[in-house]
Amino acid sequence: MFSNYIKITLRNLTKHKSFSFINILGLSIGITCFLIISFFIKEELSYDKGFSKGDRIYRVLRYNTGNERGPIGVTAGPYAEALLNDYPDEIEQTVRVWYTDGLVSYEDKSFHEDNLFLADPGFFKMFDIKLKIGDPETVLSKPNDVVISTKIAEKYFGDENPVGKELIIDENLNFIVTGVFEYPEFNTHINCDIVANLNIAKTFMRWFDSWASNFVITYVQLGENVSSENLISKLPSFVDKYFADQMELTGNRYNLTLEPITETYLNHETQFDRVLHGNRNVIYIFSVVAVLVLLIACINFMNLSTARSSYRMKEVGVRKTIGALKQNLIWQFIGESYLITLISLLISVIITEISLPLFNSLIGKEITVNYFESNSLLILLGILFVVGTVSGSYPAFYLSSFNPLKILKGDLAQNSKSRILRRVLVTGQFAVSIFLIAGTIFVVEQMNFVSKKDLGFVKDQVLVLPISSSSLRSNREKFKEDLLRNDDITNVTLISGEPGGFHDFYAHKVENFPGEDFTFNTVFTDFNYLNTFDLEMVAGRTLSKEYGTDSSSAVLINEKAVKELGWTLETAIGQNVQNVYTDTAYRKVVGVVKDYNFATLKSEINPLIIALGNDHRRIAVRVSGYNFDETIQFMQDAWNKYSPKYPFEYQFLDEKIQKLYEAEQKQLSLLLIFSGMAIFVACLGLFGLISFTAEQKRKEIGIRKVLGASVQGLVGLITKDFIKLVLLSNLIAWPIIYYMVQSWLSEFAYRIEIDPVVFIISGAIVLLISLLTVSVQAVKASLANPIDSIKYE
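Calculation notes
Residues numbered from 1 in each chain as written. Predicted model: local features only at pLDDT ≥ 70, side-chain atom pairs only at ≥ 80, totals over all residues. Heavy atoms only, no water. Phe/Tyr/Trp six-rings, centres within 6.5 Å; stacked < 30°, edge-to-face > 60°. Helix = DSSP H or I, 4+ residues; strand = E, 2+ residues; numbered from the N terminus. Buried < 20%, exposed > 50% of the residue type's maximum accessible area, 1.4 Å probe, protein only. Lys NZ or Arg CZ within 6 Å of the ring centre and 35° of its normal. Patch = residues over 30% accessible without salt bridge, like charges linked within 9 Å, V, L, I, M, F, W, Y side chains within 5 Å. Areas by Shrake-Rupley, 256 points an atom, 1.4 Å probe, with all protein chains shown as cover. Salt bridge = Lys/Arg side-chain N within 4 Å of Asp/Glu carboxyl O. Pairing = 2+ DSSP bridges. Contact = heavy atoms within 4.5 Å.

Under the criterion given, the structure shown has 44 aromatic pairs. Taking 5.2 Å as the distance between ring centres and 80 degrees as the angle between the ring planes, the aromatic pair formed by Trp98 and Phe215 counts as edge-to-face. Within this pair, whereas Trp98 is found in strand β3 (residues 91–106), its partner Phe215 is found in strand β10 (residues 214–222), the two being separated by 117 residues in sequence. Here the two residues Trp98 and Phe215 agree in accessibility, since each one is buried. Geometrically, the ring pair formed by Phe628 and Phe652 is stacked, given 5.6 Å between the ring centres and 25 degrees between the ring planes. Residue Phe628 is located in helix α20 (residues 628–642), and its partner Phe652 is located in strand β22 (residues 651–652); the two are separated by 24 residues in the primary sequence. Looking at Phe628, the relative accessible area reads 24%, which means it is partly exposed. Residue Phe652 is classed as partly exposed on the basis of its relative accessible area, which comes to 21%. An aromatic cluster is built from Phe51, Tyr99, Phe117, Phe123, Phe124, Phe127, Phe181, Tyr183, Phe186 and Tyr219, whose rings are joined through pairwise contacts. The residue whose ring lies beneath Lys453 is Tyr750, and the NZ or CZ to ring-centre distance is 5.0 Å. The ring of Tyr547 is capped by Arg541, whose NZ or CZ atom sits 3.5 Å from the centre of that ring.

Rendered as structure tokens:
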């Protein structure tokens, strides 16, 4: 019997080739979209699931009460030992990791390595990263031990055994290679290339053991059957024990929590860590898009199946008359649906393989798919079952319900319920298309707004250089003087962080200010900072060498700080503030800088202090733009003078700022592609649907034409119902669009207004595309010879 079903199904598919082609093409596109996004989401959700102790490893996060910026991912050095000592029954081991970068040298080879970790000796025991060479118990037992990846081993040592060889980090830290590790076969946020012993940092970091210096990520491994919630409930007493004096001093309450390591990758809201992060919102957005595109393809199938029901009525009538049962017919029609879905799925797999390189280039990842892996097979089988069932169930029950007596008498009128459902489904298609078009337009407008907004400082023709080597750090003033000798370099400033980059966050005492200490973002710089970035003063004066005390006793603040402190521009001048951690005395506010967006546009401008200091980590160089190649060569020569072993590196500030919105730019590119796919699939179904509609109205069109109806009138006859459905779909889609766009825009502190014109434009685009699609078939039907139409009927 099964073979008979297959034969009948194949015969029906070949008999109605245009119907089968449209359905297979639409489903193939929809399934391809769903497959690509499904594999992407599967990849994102797989991070850190491969560690054998992953369900017991947590990251320690800090919270500041009243701070809405999210958790802080770094802690101070003493946390790990204190937690282990205070909670020995709950915590088996702790590991601190300092995510950093630096110059790595071996003989005549020197490279800047971005994924350099300094970690406690238990690193390889906690994370069970497989060692190709070495013992996890001892590879980091000495302060100058270092373990390298297979890639780094080949890069520096070729085919030689690296164990026992000396690597030099940052020109003055000598390490001995004790092991080689292999990269995990699973995805992890712990993307290290080199792991050195953290304890060596004590030799050059005087604040290594300070509770106030937060620079490491602290991981804790709980004992078996230990409840993380129970330990979290005890952490407030830990905070009180070690931070009571500090909290009283600053007026801020600190809290700690534990984050499962399996959630670290997608927790992109964490501050100040350098951990590899994904974005949970991207998963949500593209999950919705994938479902919508696939839903449109399924709707096409259902619409076309019910629309062409008149072609299957006689078949149903004859088969019922000769004894076919309703359930037999249901299985036949569902079988057709499954076969079409299976063919579409196989085509989709081919298209997915071809499309993955393009998708990978857009998202900056390397997703590969093993279709025989259990999770991949589950996705494929799930698509086959869900799409086959959703697409084929209603047509199967609808077609099998026909009364054979009425069919054989010639009563072939379609059920009104079928027409209503078809209109509902078409309206849903239009609504989804309008939603995707409007969403894409709003994303485009927001990203244009972000790229064109005046940030309040000059970002063009500004290069940012890292102060990464100790030799350059020691000679940074001389390096700056050498650069300024070039006429094409207009300004140079030493800074702790550039606009759009990291800015320290410090508590300050404010003289005569009631209540707790005030928290400022802080930039430590020199006298050239304002001129380099063309910052505008709105009150007072700038920091100047003419005032001998400015280096240690003067600061600038921004307008937001003035407002938050309840001052005016006039009363702000002369006020005294003191950095709780770095200053031993008050500094006088000598000027107010006009607010500028020193952070991302996703956050509002915060209170800022600009102070002279020595904590310089970047050099900002503003160039004229003339003789650019010669200027870069001049800068490189000066760099090599003071840091000969360190590769010359620079970034354009405008490009660096643009990267802050890289995730949104990727979202936009993918939205454009998937929206186009959705609209194409919808038009494909509409094209097929109007073909059948025109076929059903063939006699009516012929008679009207004989009676003198014009082509325009006949086109209007066919298209008027679709115009009504498009208008109705706008009313359905607009509220959903408003809610979703408002939610997405809320991530930006500075954003566009939701323009009603966009709603109208998106509806008009769908209407225009629909009319073009419908009109092609409508004109074809209206131009046909009416005699043939009447004779046909």
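Moving on from the model shown.
Here we come to a nonpolar patch on the surface. Taken together, the side chains of Val288, Leu728, Leu731, Ile732, Ile736, Tyr739 and Met740 present a nonpolar region at the surface, about 660 Å² in accessible area. By residue number, the principal contributor to the nonpolar patch is helix α24 (residues 711–745), which donates six residues. Mapped onto the elements, Ile736 comes out in helix α24. Judged by its relative accessible area of 46%, Ile736 falls in the partly exposed class.

Now for the pairing of strand β8 (residues 173–181). In the sheet, strand β5 (residues 131–133) pairs with β8 via two bridges, with the strands oriented antiparallel. In the sheet register, Leu131 faces β8, and the bridge partner there is Phe181. In terms of strand pairing, strand β6 (residues 145–149) meets β8 through five bridges, oriented parallel. Its bridge partner being in β8, Ile148 is matched across the sheet by Val180. One ladder, built from four bridges, connects strand β7 (residues 166–169) with β8; its direction is antiparallel. When the sheet's bridge partners are listed, Glu166 is paired in β8 with Ile176. Hairpin geometry of β7 and β8 is characterised by an intervening segment of three residues between the two adjacent antiparallel strands and by a positive phi of about 55 degrees at Asp170.

The subject of this paragraph is the environment of Thr522. By the secondary structure assignment, Thr522 is in strand β15 (residues 518–525). Along the primary structure Thr522 and Phe502 are separated by 20 residues, whereas in three dimensions their C-alpha atoms are 9.6 Å apart. Not counting residues within four places of it along the chain, the set of residues in contact with Thr522 comprises Ser496, His503, Asp504, Tyr506, His508, Leu608 and Ile609.

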